[in-house]
Amino acid sequence: MRPVLAALLVAALAGCSADKPKPVESPPSAAAPSAVPTSSARPVAPAQLPQGGTKIFPAYRVVAYYGTAGNSTLGVLGEGSPDKMLPKLRAAAKPFAGGRKVQPAYELIASVAQAGPGADGNYSRMIPLSRIQQYVEHARRHKVLLILDLQPGRGDFLPQARRLERFLVQPHVGLALDPEWRMPKGKVPGKTIGRVGAAEVNRVSAYLSGLVRAHKLPEKLFVLHQFRASMLPDITRIRKQPGLALVQHVDGFGTRSEKNATWNRLRRPQQFHLGYKLFYDEDVKRYRAADVLKFKPVPELVSFQ
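Residues numbered from 1 in each chain as written. Predicted model: local features only at pLDDT ≥ 70, side-chain atom pairs only at ≥ 80, totals over all residues. Heavy atoms only, no water.

### With respect to the overall build of the protein chain
Going by this rule: We count a stretch as a helix when DSSP gives it H or I for four or more residues in a row; a strand needs E for two or more, and each element gets its number in order from the N terminus. Each residue is assigned to one of three classes by its accessible area relative to the maximum for its type, calculated with a 1.4 Å probe on protein chains only: buried under 20%, partly exposed between the two thresholds, exposed over 50%. In what follows, a contact means two residues having at least one pair of non-hydrogen atoms within 4.5 Å. Here the Shrake-Rupley method, with its probe set to 1.4 Å, supplies the accessible areas, and only the displayed protein chains count as covering residues.
Scanning the protein chain for helices and strands turns up 7 helices and 9 strands. Across the 305 residues that make up the protein chain, the buried fraction comes to 53%. Long-range contacts, defined here as pairs at least 24 residues apart, represent 75% of the contacts in the protein chain between residues at least 6 apart. When the accessible surface of the protein chain is split by element, carbon and sulfur atoms take 54% of a total near 14,200 Å².

### Overview of the side chain of Q114
Let me state the cut-off plainly: We define a polar contact as two N or O atoms separated by no more than 3.5 Å, with the added condition that, inside protein, one atom must be a possible hydrogen donor and the other a possible acceptor, whereas residues neighbouring each other in sequence contribute only through side-chain atom pairs.
The topology assignment puts Q114 in the loop between β2 (101–113) and β3 (124–126). The buried category is assigned to Q114, whose relative accessible area is 13%. A distance of 3.0 Å separates a polar atom in the side chain of Q114 from the backbone oxygen of V112.

### So, the pattern of salt bridges
We count it as follows: One side-chain nitrogen of Lys or Arg within 4 Å of one carboxyl oxygen of Asp or Glu is enough to make a salt bridge.
Summed over the entire model, instances satisfying the criterion amount to 6 salt bridges. With a shortest N-O distance of 3.6 Å, D156 and R203 are connected by a salt bridge. Of this pair, D156 sits in the loop between β4 (145–150) and α3 (157–163) while R203 sits in helix α5 (residues 198–215), and the two are 47 residues apart along the sequence. Across the pair K259 and D283 runs a salt bridge whose closest N-O atoms are separated by 3.3 Å. With K259 in helix α6 (residues 256–266) and D283 in the loop between β8 (273–278) and α7 (289–292), this residue pair connects regions lying 24 residues apart in the sequence. Side by side, K259 and D283 carry an identical accessibility label, which is buried.

### Things to note about the confidence of the model for the protein chain
Spelled out, the test is: The predictor's confidence in any single residue is recorded as pLDDT, a number from 0 to 100.
Put simply, the protein chain has an average pLDDT of 88, and 85% of its residues get 70 or more. Of the regions scoring below 50 in pLDDT, residues 1–40 engages in 49 contacts with residues more than four places distant in sequence or in other chains.

Shown next, in the form of structure tokens:
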């Protein structure tokens, strides 16, 4: 139902080499006259979600703008700075409450599939980590969730996720995998619709779950994009992990009948929380919030591209 978005891959990402994190130096500790008794230490409060609590669902309905920094071709999020886009996102998100508290989110494409192999031959390039940091800080200040989206080309999702660990240990930052841009051996993004096996997905989710446990973080979004069954060929083997809200995000643009067919064919509410994508330009007679709230089941994550 969805044509391959080959045009999206020609967007230049000049200067997209990953920034290397600087080591954090600990200040020298002053000698204390006497040891402080352990019993006097105050317990550390558990980390919270941006608007409070430690569980995303069913408390919240998440509404996201999707795209990458400074590139409007890849989605609405890139049409302006976070300061410019946040009021528009809040206005778009408000009607989706449906009895829940609305949680705005940015879904930022952190690694972008490329038409050429690049230096590592993986047909994927990470945007500058300094740009990601800007979104992390902005989202924190404004109580917004941030979802980092991966398009690994011929690479594996897990190494790219590990490169983003300094962001993923933040309580408001989650992760999304986009199998459309996970290429089989010898295939090129934009010419082939990709796929990923459950084993690779489970390795990433186990890693992310481990970060939640180790850093005592609130629940994180872990999103899987899909608009064809072939993109997740052994989907029944994808496992739930502690500390993660596992979302099957049903994409695909077109007419309402085409989108309905994709939704009805793919959705697995018995296995996942459900997400749904709305396209500003490609959808024909785009669904409004009142329409989406009539879906059965109602999506818990809605994104705009």
